[in-house]
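What the coordinates show
Here's the letter readout for the chains.
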Amino acid sequence: MRVSIDGDLCIGAGQCALTSPQFFTQDDDGFGTVLPEREGGGPEGDDDLLDEAVRACPVQAITLDEGAEAPRTGPGRSGT
């Protein structure tokens, strides 16, 4: 699974870092970023935290791409 944040959509609300700090942080400007060691995802038990971060993002900037499956994005976005 690949985890990414669309920098063009991110508004720096910080919900990703609050919800799932083992995957996300905020850069010097306050925008969300995926921790480099977590871009490829994490242990299977962490899926719930990633799903929650996707739901918590107010602009749906987080994408979880599970390879052959359609990317999981938040409500109102393609892939749902």
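Look up: the structure comes first, before these words.
Here the structure is a predicted model, which means the values were calculated and not measured.

1. Description of the pairing of strand β4 (residues 62-65)
Within a regular beta strand, the side chains point alternately toward one face of the sheet and then the other, so they alternate between its two faces. The alternating pattern of β4 places I62 and L64 on a buried face and T63 and D65 on a face that is not buried. Note that strand β1 (residues 2-5) and β4 share 4 bridges and pair antiparallel. Residue pairing in the sheet places S4 in a bridge with T63 of β4.

2. Digging into unusual backbone geometry
Unusually for a residue other than glycine, Q60 sits at a positive phi of about 55°. For Q60, the location among the structural elements is in the loop between α2 (47-56) and β4.

3. Re the packing of aromatic side chains
Overall, the coordinates contain 1 aromatic pair when judged by the stated rule. Taking the centre distance of 6.4 Å and the plane angle of 50° together, the rings of F23 and F24 count as tilted. Since its relative accessible area comes to 0%, F23 is described here as buried. Its relative accessible area of 2% is what places F24 among the buried residues.

Conventions used here
Residues numbered from 1 in each chain as written. Predicted model: local features only at pLDDT ≥ 70, side-chain atom pairs only at ≥ 80, totals over all residues. Heavy atoms only, no water. Buried < 20%, exposed > 50% of the residue type's maximum accessible area, 1.4 Å probe, protein only. Helix = DSSP H or I, 4+ residues; strand = E, 2+ residues; numbered from the N terminus. Pairing = 2+ DSSP bridges. Phe/Tyr/Trp six-rings, centres within 6.5 Å; stacked < 30°, edge-to-face > 60°.

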